[in-house]
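# Fold and geometry: a report
Now for the letters of each chain:
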Amino acid sequence: MHPDLEKLIVLQAHDVEAKRLRDEMVALPKHVAALDAKAKATQGQRAVIVDLIAKEEALRRRQESDVKDQKAKIDRTRKHMDLATTTVQVTAFEHEIAFAQAEISKLEDAEIESMERSEGLESQKKLADEAVTDASATLERERIRATDTIAADKTLLAAVEQKRTAVRAEVGEAALSTYDRIAKAKGTAVAEALNQKCMACQMMVRPQRWNDLRDRGNDETMMTCESCGRLLYYDPARDAPQRKTVPVESIAASIIRSL
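Residues numbered from 1 in each chain as written. Predicted model: local features only at pLDDT ≥ 70, side-chain atom pairs only at ≥ 80, totals over all residues. Heavy atoms only, no water.

Going by the annotation in an unreviewed UniProt entry, the name recorded for the chain is C4-type zinc ribbon domain-containing protein, with Tunturiibacter lichenicola given as the source organism.

And the structure:
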């Protein structure tokens, strides 16, 4: 294997880890913001229910007041009826009393309906209270986790950046330029070739190119995938049959571990 390619394998591992850390540091605040929005929405839904409960209570108070007014009206009408001197007057008072009694009946029915609505709203409020509690607890837990994780990621990223800088200094200028160009276009620049296939794009490698790649004496050339353009490396430990009793580390893992 080309000596620069060995270093580029390590560099890519560091680049991938650095990207993961940066992505996580960007994603976590967004995750917390989404949970915060969800918690506020849950609180808003609860507030609507509480407002409806208050309106139903106010409605019943008005209904109770109206019932009292109608009953008072009936009492007054009956007193006037006692003083009536003609049948026409008595009949008119009876109509007023009947109308007031009908209004009382309507108000009492409406009051029962309001109480039934309030019972349903109270059940919804109980669920909303639980949802608000859960959302608030989740938000607080995730906010703490995000803060701790971001702090840890910053420390890890600083260490990874130091390693990246050290590895890049060891790679030849031409190889590093090729690596950067491919990585910028593809996201990654180095891919393993396994079972005559590029593991990045999953396209097959031509037999002659596969043979050249597997030639352990070929350490002067860095070959690329003809489909995706990534630099290819071959790990005989992963391609050849292995005995279960003798574990063999991959080239990428052993290189990284040795540094």
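### Considerations on the overall build of the chain
A tally of regular secondary structure across the chain gives six helices and three strands. When the elements of the chain are put in sequence order from the N terminus, they spell out α-α-α-β-β-α-β-α-α. Computed over the C-alpha atoms, the radius of gyration of the chain is 40 Å, more than 25% above the 18 Å expected from 2.2 N^0.38 for a compact globule of 259 residues. By principal-axis analysis of the C-alpha atoms, the chain measures approximately 130 × 40 × 40 Å. (Helix = DSSP H or I, 4+ residues; strand = E, 2+ residues; numbered from the N terminus. Rg over C-alpha atoms; globule rule 2.2 N^0.38 Å.)

### Some thoughts on the sheet that holds strand 2 (residues 197–198)
Spatial strand order, 2-1-3: three strands in an open sheet with mixed pairing. The outermost strands of the open sheet, each flanked by one partner alone, are strand 2 and strand 3 (231–234). Of the pairings in the sheet, the one linking strand 1 (residues 190–194) to strand 2 comprises two bridges and is antiparallel in character. When the bridges of strand 2 are listed, Ala 193 appears paired with Cys 198. Sheet contacts for helix 1 (residues 3–82): strand 1 and strand 3; angle to strand 3, the most-contacted strand, approximately 105 degrees. (Pairing = 2+ DSSP bridges. Contact = heavy atoms within 4.5 Å. Axes fitted to C-alpha atoms, helices over the stretch in contact; angles between N-to-C directions.)

### Structural notes on the packing of helix 1 against helix 2 (residues 87–170)
Between helix 1 and helix 2, the shortest axis-to-axis distance is 4 Å and the interhelical angle comes to 165 degrees. Considering the angle they form, helix 1 stands roughly antiparallel to helix 2. (Parallel < 35°, antiparallel > 145°, perpendicular 65-115°, else oblique.)

### Some thoughts on the domain arrangement of the chain
The domain boundaries assigned to the chain delineate domain 1 (3–170) and domain 2 (173–258). Between domain 1 and domain 2 lies a buried interface of about 1300 Å² when both sides are counted; carbon and sulfur atoms form 74% of it. Contact with domain 2 buries area across many residues of domain 1, yet Leu 5, Ile 9 and Gln 12 alone supply 43% of it, more than any other trio. At the junction of domain 1 and domain 2, the tally comes to one salt bridge. Arg 168 is the partner of Asp 180 in a salt bridge, and the nearest nitrogen-oxygen pair spans 2.8 Å. Inspection of the domain 1/domain 2 interface yields five residue pairs in polar contact (both at pLDDT 80 or more). Ranked by the residues each element gives to the side of domain 1 that touches domain 2, the list is headed by helix 1, at twelve residues. (Domains from an automatic or database assignment. Buried area = accessible area lost by both parts, 1.4 Å probe. Salt bridge = Lys/Arg side-chain N within 4 Å of Asp/Glu carboxyl O. Polar contact = N/O pair within 3.5 Å; in protein donor to acceptor, adjacent residues only side chain to side chain.)

### Some points on the confidence of the model for the chain
Predicted confidence across the chain gives a mean pLDDT of 91, with 90% of residues reaching 70 or more. For the stretch residues 242–248, pLDDT sits under 50, and the model shows three contacts to residues farther than four places along the chain or on other chains. (pLDDT = per-residue confidence, 0-100.)

### Description of the side chain of Ser 114
Within the fold, Ser 114 resides in helix 2. Classification of Ser 114 as buried rests on a relative accessible area of 0%. Separated by 2.6 Å, the side chains of Ser 114 and Glu 56 make a polar contact. Apart from residues lying up to four places away in sequence, Ser 114 is in contact with Glu 56, Leu 59, Arg 60 and Gln 63. (Buried < 20%, exposed > 50% of the residue type's maximum accessible area, 1.4 Å probe, protein only.)

### Description of the nonpolar core
If you look at soluble globular proteins, the nonpolar side chains tend to sit buried side by side. Ranked by internal contacts, the top residues of the largest apolar core, which has 16 residues, are Leu 8, Leu 11, Val 171, Tyr 179, Ala 189, Val 190 and Leu 231. When contributions to this core are tallied by element, the ones reaching two or more residues are helix 1, helix 3 (173–186) and strand 3. Residue contacts for Leu 8: discarding those within four places in its chain leaves Val 171, Ala 175, Tyr 179, Val 190, Met 222 and Leu 231. One finds Leu 21, Leu 35, Ala 39 and Ile 150 within the second-largest nonpolar core, a separate group that totals 13 residues. (Core = buried A, V, L, I, M, F, W, Y, C linked by side-chain atoms within 4.5 Å.)

### Here we look at helix 3
With 14 residues, helix 3 extends 20 Å from end C-alpha to end C-alpha; this agrees with the ideal 20 Å at 1.5 Å per step. Those residues of helix 3 that fall on the buried side of the exposure criterion are Ala 175, Leu 176, Tyr 179, Ile 182 and Ala 183. One side of helix 3 carries all its buried residues, which in axial view fall inside an arc of 135 degrees. Helix 3 presents Glu 173, Ala 174, Arg 181, Lys 184 and Ala 185 as exposed residues on the side facing more than 90 degrees away from its buried surface. On its buried face, helix 3 sits against helix 1, helix 2, strand 1 and strand 3. (Expected span 1.5 Å × (residues − 1). Arc of directions from axis to C-beta.)

### Things to note about a negative patch on the surface
The grouping of Glu 108, Asp 109, Glu 113, Glu 116 and Glu 119 at the surface amounts to a negative patch. Here Glu 119 is to be found in helix 2. Taking the relative accessible area as the measure of exposure, Glu 119 reaches 55% and is therefore exposed. (Patch = residues over 30% accessible without salt bridge, like charges linked within 9 Å, V, L, I, M, F, W, Y side chains within 5 Å. Areas by Shrake-Rupley, 256 points an atom, 1.4 Å probe, with all protein chains shown as cover. Lys, Arg positive; Asp, Glu negative; His and termini not counted. Charge placed at Lys NZ, Arg CZ, Asp CG, Glu CD.)

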